[in-house]
Amino acid sequence: MKRIIAIVFCLLCVASTSFAGNYNYISAKQVKENLAVGSAMIIVDIQVEKEFNRHHLPGSVATYAYPVKSDVERARIDQAVKLYEQSGSPVVVVCPGGKSGAKRCYDYMESKNVPAEKMMILENGMGGWPYKELVQTKN
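So, here's what we can say about the structure. Each residue is numbered by its place in its chain's sequence as written, counting from 1. Given that the model is predicted, a residue must reach a pLDDT of at least 70 before its local features are reported, and side-chain atom pairs must reach 80 or more before they are shown or counted; all residues, however, enter totals for whole chains, interfaces and linings. Think of the side-chain values as coming from all heavy atoms in the structure, minus any hydrogens and water.

Between its first and last C-alpha, helix α6 (residues 100-111) extends 16 Å over 12 residues, near the 16 Å set by a 1.5 Å rise per residue. Listed in full, the buried residues belonging to α6 are G101, A102, C105, Y106, Y108 and M109. Down the axis of α6, the sector holding all buried residues measures 165°, keeping them to one side. Any two residues whose heavy atoms approach within 4.5 Å are treated as being in contact. By definition, any uninterrupted DSSP run of H or I lasting at least four residues is a helix, any uninterrupted run of E lasting at least two residues is a strand, and each is numbered from the N terminus. Contact partners of the buried residues in α6: β2 (42-45), α4 (71-75), α5 (78-87), β4 (91-94) and β5 (119-122). Here, expected helix span is obtained from the residue count minus one, scaled by 1.5 Å. Only protein chains enter the accessibility calculation, which uses a 1.4 Å probe; a residue is then buried when its area is under 20% of its type maximum, exposed when over 50%, and partly exposed in between. An arc is given here, and it is the one of the directions from the helix axis to the C-beta atoms.

What follows concerns the sheet that holds strand β1 (residues 25-26). At least two bridges found by DSSP between two strands are what make those strands a pair. Taken in spatial order, the five strands make up an open sheet running β1-β5-β4-β2-β3, and their pairing is parallel. Every interior strand has two partners, whereas the edge strands, β1 and β3 (61-62), have only one. Where β2 lies against β4, four bridges are found, and the strand directions are parallel. Paired with I42 across the bridge in β4 is V91. Axis angles are defined between N-to-C directions and span 0 to 180 degrees, where every axis is a line fitted to C-alpha atoms and, for a helix, only to the segment in contact. The sheet contacts of α5 involve β2, β3 and β4, and relative to β2 the element is tilted by about 175°. Along the sheet, α6 makes contact with β1, β2, β4 and β5, crossing β5 at roughly 170°.

Further remarks concern helix α2 (residues 28-37). When α2 is considered as a whole, its buried residues turn out to be A28, V31 and N34. Considered in projection along α2, the buried side chains sweep an arc of 125° and stay on one side of the axis. Across from the buried face of α2, at angles greater than 90 degrees, the exposed residues are K29, A36 and V37. G38 sits one or two positions beyond α2 and adopts a positive phi of about 75°.

What follows concerns the pairing of β2. Taking every second residue as pointing to the same face, both faces of β2 are buried, with I42 and V44 on one and I43 and D45 on the other. Where β2 meets β3, two bridges bridge the pair, whose relative direction is parallel. Residue D45 lies in a different strand from β3, and its bridge partner there is A62. With the strands pointing away from the viewer, any crossover whose connection runs clockwise from the first strand over the helix to the second is right-handed. With respect to chirality, the unit in which β2 leads through helix α3 (residues 49-54) into the neighbouring parallel β3 is right-handed.

The next thing to look at is the environment of A62. As for its placement among the helices and strands, A62 is situated in strand β3. Between the alpha carbons of A62 and I43 there is a distance of 8.8 Å; along the sequence they are 19 residues apart.

What follows deals with the nonpolar core. Among the nonpolar cores identified, the biggest contains 23 residues, and V44, I46, I77, V91, C105, M109 and V114 are the most heavily contacted of them. Within the residue set of this core, elements represented by two or more residues are β2, α5, β4, α6 and β5. With five residues, α6 is the single largest residue contributor to this core. Not counting residues up to four positions away in its chain, the partners in contact with I77 are T63, A65, V68, C105, Y108 and M109. We define the nonpolar core as a collection of buried residues of types Ala, Val, Leu, Ile, Met, Phe, Trp, Tyr and Cys that are connected through side-chain atoms lying within 4.5 Å of one another. In this structure, V92, L122, M126 and Y131 belong to the second largest nonpolar core, which totals 12 residues.

Quick look at the structure:
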């Protein structure tokens, strides 16, 4: 019986990783370099309004969509989807920590036909952004 339980557990572990999404990430250093040379990119910031106002990257699209769990929050990302449709520029998703909210935004945008190869998540999100000289505030 213990052997059967162990086998079922192993199968469930394998199955759960098989269905886990693959996401593209971009380092803060690469985003900084892209900003410095003026590379075309759509920075989709999903932080809540208070956090966005406190700190965001230059040129960010404020969606206030975090945590991207409800239909209302997902609908706030539609403006970024439209920007992608108009420009075809790469998309960088920025959230507070670069984890679950960013993944939900990425998944939503992919469901709206933004190709995964055109999207990246900022590693460690805005909370891990080391280049304070590039941080902007909104009053």
